[in-house]
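If you want the building blocks of each chain, they are given just below.
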Amino acid sequence: MYFIPEGWNLSDTLSSLPASFGSTRPKVVRRLKRIEQAKKDSGGKIDHALDVVATLILETDDPDGVRDEVLQLLHQVQAGQATAGTPATVA
């Protein structure tokens, strides 16, 4: 696990992680870098959601588990919207 300070920034966090963190958790670092790129590509539209995902990955040290949980939650939202008559747009 990694301690998340108040008001953290993903870019600052990635640059301040010790080298040992990256060498022992390469999958975590790769996922965090992908999230950082997604934040840049989204133009700020989903920054908060991506920050939550990055925080969960850092706190749990389980990027696959976080991904699975987020996808399951999105699927539930999609199913709930579809049954309510709202067109589902989450893929």
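Along each chain, numbering runs from 1 in the same order as the chain's sequence is written. Predicted model: local features are reported for residues with pLDDT of at least 70 only, side-chain atom pairs are reported and counted for 80 or more only, and whole-chain, interface and lining totals are derived from all residues. Heavy atoms from the whole structure form the basis of all side-chain values; hydrogens and water molecules are not counted.

Trainee: What is the right way to read the overall build of the protein from this model?
Mentor: Secondary structure elements are defined from DSSP: runs of H or I of at least 4 residues count as helices, runs of E of at least 2 residues count as strands, and each element is numbered from the N terminus. A tally of regular secondary structure across the protein gives five helices and zero strands. Counted from the first residue to the last, the protein has its helices and strands arranged as α-α-α-α-α. Considering the protein as a whole, with its 91 residues, one finds that 24% of them fall into the buried category. Residue pairs in contact within the protein that sit at least 24 positions apart in sequence constitute 50% of those at least 6 positions apart. The protein chains shown are the only cover counted for residues, whose accessible areas, like all others here, come from Shrake-Rupley with a 1.4 Å probe. A total of about 6,200 Å² of accessible surface is found on the protein, and carbon and sulfur atoms cover 57% of it. Type-normalised accessible area, obtained with a 1.4 Å probe on protein chains alone, sets the label of each residue: buried when under 20%, exposed when over 50%, and partly exposed for intermediate values. Here, two residues are considered to be in contact whenever any of their heavy atoms come within 4.5 Å of each other.

Trainee: Explain the layout of surface pockets here, please?
Mentor: Any empty space left between atoms is shown by rolling a water-sized probe over those atoms. Each pocket or cavity is described by its volume, and for the largest pocket that value is around 430 Å³. Among the secondary structure elements, those contributing two or more residues to the lining of the largest pocket are α3 (26-42), α4 (47-60) and α5 (63-83). Element by element, the count of residues in the lining of the largest pocket is highest for α5, at six residues. Each residue gets one label: Ala, Val, Leu, Ile, Met, Phe, Trp, Tyr, Cys and Pro are nonpolar, Asp, Glu, Lys and Arg are charged, and the others, such as Gly, are polar. Of the residues contributing to the lining of the largest pocket, the split by class is twelve nonpolar, no polar and three charged. Here the term cavity refers to a set of points on a 1 Å grid, laid over the protein atoms alone, in which a 1.4 Å probe fits but cannot get out; the term pocket refers to an open set having protein on both sides within 12 Å along at least five of seven lines, with lining residues being those that place an atom within 4 Å of a point. Grid points are joined across faces, edges and corners, and a volume is the space filled by probe spheres set on the points.

Trainee: What am I meant to see in the side chain of lysine 39 here?
Mentor: Following the sequence through the fold, lysine 39 ends up in helix α3. Judged by relative accessible area, which is 19%, lysine 39 ranks as buried. Under this definition, polar contacts are N or O atom pairs within 3.5 Å; protein pairs additionally need one hydrogen-donor-capable and one acceptor-capable atom, and for neighbouring residues in sequence, both atoms have to be side-chain atoms. Here aspartate 51 takes part through its side chain, which lies 2.6 Å from a polar atom of the side chain of lysine 39. Sequence-distant contacts of lysine 39, defined by excluding residues within four places in its chain, comprise Leu10, Gly44, Asp47, Leu50 and Asp51.

Trainee: Can you walk me through the packing of α3 against α5 in this structure?
Mentor: Two quantities define a packed helix pair, namely the angle between the axes and the distance from one axis to the other. What counts as an axis is a line fitted to C-alpha atoms, over the stretch in contact for a helix, and the angles between N-to-C directions run from 0 to 180 degrees. In contact at an axis separation of 9 Å, α3 and α5 are set at 45° when each is read in the N-to-C sense. On the basis of their axis angle, the class for α3 and α5 is oblique. Residue-level inspection shows Lys27, Val28 and Arg31 of α3 in contact with α5, the latter providing Pro63, Asp64 and Arg67. Looking at the contact of α3 with α5 residue by residue, the classes come out as two nonpolar, no polar and four charged. Small angles under 35 degrees read as roughly parallel and large ones over 145 as roughly antiparallel, with 65 to 115 read as roughly perpendicular and the rest as oblique.

Trainee: Would you mind showing me how to read the nonpolar core here?
Mentor: Soluble, globular proteins show a tendency: their nonpolar side chains are buried together. In plain words, nonpolar cores are sets of buried Ala, Val, Leu, Ile, Met, Phe, Trp, Tyr and Cys residues tied together by side-chain atoms within 4.5 Å. With 14 residues, the main nonpolar core has Leu10, Phe21, Leu32, Ile35 and Ile57 as its most contacted residues. Broken down by secondary-structure element, the contributors of at least two residues to this core are α1 (10-16), α3 and α4. Looking at which element gives the most residues to this core, the answer is α4, with five residues. If we ignore the near neighbours within four places in the chain, the residues touching isoleucine 57 are Val28, Arg31, Leu32, Ile35, Asp62, Pro63 and Val66.

None of this, on its own, says anything about what the molecule does.
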